[in-house]
Amino acid sequence: MAPSIEGKRPEVKSPMNTTCCNREEITPRYRVTVVGSGNWGSVAAKLIASNTVKLPIFHDEVRMWVFEEILPGGEKLSKAINQTNENVKYLPGIKLGKNVIADPDLENAVKEANMLVFVTPHQFVAGICKRLVGKIKPNTEAISLIKGMEVKTEGPCMISKLITDMLGINCCVLMGANIANEIAVEKFSEATIGYKQDKEVAQRWARLFCTPYFLVSVVQDVEGVELCGTLKNVVAIAAGLVDGMNMGNNTKAAIMRIGLREMRALSKLLFPSVRDSTFFESCGVADLITTCLGGRNRKVAEAFAKSGGKRSFDELEAELLGGQKLQGVSTAKEVYEILSHRGWQAIFPLFTTVHEICIGQLPSSAIVEYSEQATNFSIVEGLAQYC
Ligand SMILES: NC(=O)c1ccc[n+]([C@@H]2O[C@H](COP(=O)([O-])OP(=O)(O)OC[C@H]3O[C@@H](n4cnc5c(N)ncnc54)[C@H](O)[C@@H]3O)[C@@H](O)[C@H]2O)c1
Ligand SMILES: O=P(O)(O)OC[C@H](O)CO
């Protein structure tokens, strides 16, 4: 079992304990567990831990569930994190905060928590939630930092909805222009929290994450925020292909503009409640820009194009990312399934083409040939109906 820390403040048995006389102790204290410990998961734990030691409404300790791995020297990753206070594999060189406790036992990691932060690659969430059914405290709140979706027979299912459906808990989302390594060294950035109904809960999440170098805004548009974070990964693949073919800044800007347009159109087609204003938040245009300039999807797609499509995305991901996971290739496939099921490929040429390039059906150069169609009158008109 993972060790415990001694908090600066007296511990209370229940986060909702209101029996003590000390003012600090009568404030409800929320316990946070971060489910995931990759690159962003570790940075999220660091951000959160810097706040839980300061804000009386939270317990100091932040549990971080670690998908256990054995390091090259034979040591367990969770043990190395607790010994060094660093995630030596996914965020080396950055102290997480002494109040972050790595825990490889999923059930143990969540058993005391009433605030769960989900931050794993999207392909693992359903399996994790399955293991958590019946294992979490009543009235637990969740937030998803995961950029991705699932496609079920009945249609797309956003990760926040998957968490809600499988665990019966409310789930907000936090997305934004958030390249983890930059936030790890405390460079200024912004993020957006999307919520469905309960603004107070969303504001509590904002308090947990907000720091002077990480500013968080709150909007009532959970699907819009989550779709921005999810769909921008497909555009990032397109941007990386353009970089790999040395096509220059004008072409990349065109790809980003067409991509943003498709992001907005598909989001509104799938969820008519999605707001235009969400695309001007950090989760929208800002995340699109940062990811197309400096993200992992961009980097691997660039290498793919440079190889002339001879090396696969899987192979390049393993070679270039050291265990970190791409989300854009699988999201492109999931988006393609939605588009083909509904006969919408023609009105989403960029999304469609990215998938066809990823699976080797088209060469990388098709990204500009096909995207040019988006400037055709008929396609613009097609999209315009939905924007
Ligand atoms: N890294 C970033 O800059 C960044 C920023 C914002 C959002 N995100 C999003 O956050 C989410 C998590 O990304 P990340 O960067 O923290 O992870 P990552 O890609 O750095 O690491 C992969 C993680 O998956 C874990 N893993 C591997 N196999 C697993 C399995 N079978 N079951 C469960 N876990 C397994 C690994 O242990 C590791 O913790 C993604 O949706 C990503 O798009 C990432
Ligand atoms: O490195 P990427 O491409 O997974 O993108 C990272 C973040 O989502 C940027 O906000």
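Cut-offs and rules
- Residues numbered from 1 in each chain as written.
- Chains lettered and ligands numbered in written order.
- Predicted model: local features only at pLDDT ≥ 70, side-chain atom pairs only at ≥ 80, totals over all residues.
- UniProt positions renumbered as here; feature names shortened; annotations may be inferred.
- Helix = DSSP H or I, 4+ residues; strand = E, 2+ residues; numbered from the N terminus.
- Near = placed C-beta within 6 Å.
- Nonpolar A, V, L, I, M, F, W, Y, C, P; charged D, E, K, R; others polar.
- Domains from an automatic or database assignment.
- Core = buried A, V, L, I, M, F, W, Y, C linked by C-beta atoms within 7 Å.
- Buried ≥ 20, exposed ≤ 12 C-beta atoms within 10 Å, placed from the backbone.
- Contact = placed C-beta atoms within 7 Å.
- Pairing = 2+ DSSP bridges.
- Right-handed = clockwise from strand over helix to strand, strands pointing away.
- Axes fitted to C-alpha atoms, helices over the stretch in contact; angles between N-to-C directions.
- Parallel < 35°, antiparallel > 145°, perpendicular 65-115°, else oblique.
- Left-handed = near helix turned anticlockwise from the far one by under 90°.
- Expected span 1.5 Å × (residues − 1).
- Bend = angle between axes of the 7 residues up to and from the residue.

An unreviewed UniProt entry annotates the chain as Glycerol-3-phosphate dehydrogenase [NAD(+)] of Musa acuminata subsp. malaccensis. Here is the UniProt Sequence similarities (unreviewed entry) comment for the chain, exactly as written: "Belongs to the NAD-dependent glycerol-3-phosphate dehydrogenase family." Here the chain is described in UniProt, under the heading Catalytic activity (unreviewed entry), as follows: "sn-glycerol 3-phosphate + NAD(+) = dihydroxyacetone phosphate + NADH + H(+)".

1. What about the UniProt feature "domain: Glycerol-3-phosphate dehydrogenase NAD-dependent N-terminal" (unreviewed entry) in the chain?
Annotation from UniProt places "domain: Glycerol-3-phosphate dehydrogenase NAD-dependent N-terminal" (unreviewed entry) at residues 32-199. For the annotated span residues 32-199, helix accounts for 30% and strand for 26% of the residues, and the straight-line distance between the end C-alpha atoms is 19 Å.

2. A look at the site of ligand 1
Close contacts around ligand 1 come from 24 residues, with Gly38, Asn39, Trp40, Ala180 and Gln324 the closest. Looking at the shell around ligand 1 element by element, the count peaks at three residues for helix 2 (residues 39-52). Per-class residue counts for the shell around ligand 1 are 10 nonpolar, 11 polar and three charged. When residues of the shell around ligand 1 are sorted by domain, at least three fall in each of domain 1 (23-220) and domain 2 (231-384).

3. Let's talk about the nonpolar core
With 107 residues, the main nonpolar core has Val34, Ile48, Val117 and Val235 as its most contacted residues. Residue contributions to this core peak at 13 residues, all from helix 9 (residues 222-244). A domain-level breakdown of this core finds at least three residues from each of domain 1 (23-220) and domain 2 (231-384). Leave out the neighbours within four places in its chain, and Val34 touches Gly41, Ala44, Ala45, Ile48, Val62, Met64, Trp65, Val117 and Val119.

4. With respect to the pairing of strand 1 (residues 30-35)
Across the six residues that make up strand 1, a large majority, six, are buried. The two faces of strand 1 match: Tyr30, Val32 and Val34 on one face and Arg31, Thr33 and Val35 on the other face are all buried. As paired strands, strand 1 and strand 2 (residues 58-65) are joined by five bridges and run parallel to one another. Paired with Val35 across the bridge in strand 2 is Trp65. Crossover handedness for the path strand 1 to helix 2 to strand 2: right-handed. With four bridges connecting them, strand 1 and strand 4 (residues 115-118) associate as parallel partners. Looking across to strand 4, one finds that Val35 is bridged to Phe118.

5. Overview of the packing of helix 14 (residues 328-342) against helix 15 (residues 349-358)
Relative orientation of the contacting elements helix 14 and helix 15 amounts to 125°, with a least axis distance of 9 Å. Overall, the two elements helix 14 and helix 15 adopt an arrangement that is oblique. The hand of the helix 14/helix 15 crossing is left-handed. Contact with helix 14, carried on its side by Val329, Ala332, Lys333, Val335, Tyr336 and Leu339, involves Phe351, Thr352, Val354, His355 and Cys358 of helix 15 and no other residues of that element. Broken down by class, the residue content of the contact of helix 14 with helix 15 amounts to eight nonpolar, two polar and one charged.

6. Considerations on the sheet that holds strand 9 (residues 189-194)
Strand order in the open sheet made by the eight strands is 3-2-1-4-5-8-9-10, with mixed pairing throughout. The strands lining the two open edges of the sheet, one partner per strand, are strand 3 (100-103) and strand 10 (214-219). Pairs of neighbouring strands in the sheet enclose a mean axial angle of 25°, with direction left out of account. Bridge analysis of strand 4 against strand 5 (residues 141-144) gives four bridges, and the strand direction is parallel. Paired with Phe118 across the two strands is Ser144, which belongs to strand 5. Across the sheet, helix 2 lies against strand 1, strand 2, strand 3, strand 4 and strand 10, angled at about 170° from strand 2, the strand it touches most.

7. Here we look at helix 15
Judged by how many residues are buried, helix 15 sits mostly within the fold: nine of 10 residues are covered. All of the buried residues along helix 15 are Pro349, Leu350, Phe351, Thr352, Thr353, Val354, His355, Ile357 and Cys358.

8. A closer look at helix 11 (residues 282-294)
Taking 1.5 Å of rise per residue, 13 residues should cover 18 Å, yet helix 11 covers just 16 Å from first to last C-alpha, more than 12% shy of that figure. Taking the largest bend as the criterion, helix 11 deviates by roughly 25°, centred on Leu288. Residues of helix 11 that are buried include every one of Ser282, Cys283, Gly284, Ala286, Asp287, Leu288, Thr290, Thr291 and Cys292, and no others. For helix 11, the secondary structure elements touched by its buried residues are strand 8 (171-175), strand 9, helix 9, helix 10 (249-270) and helix 12 (296-306).

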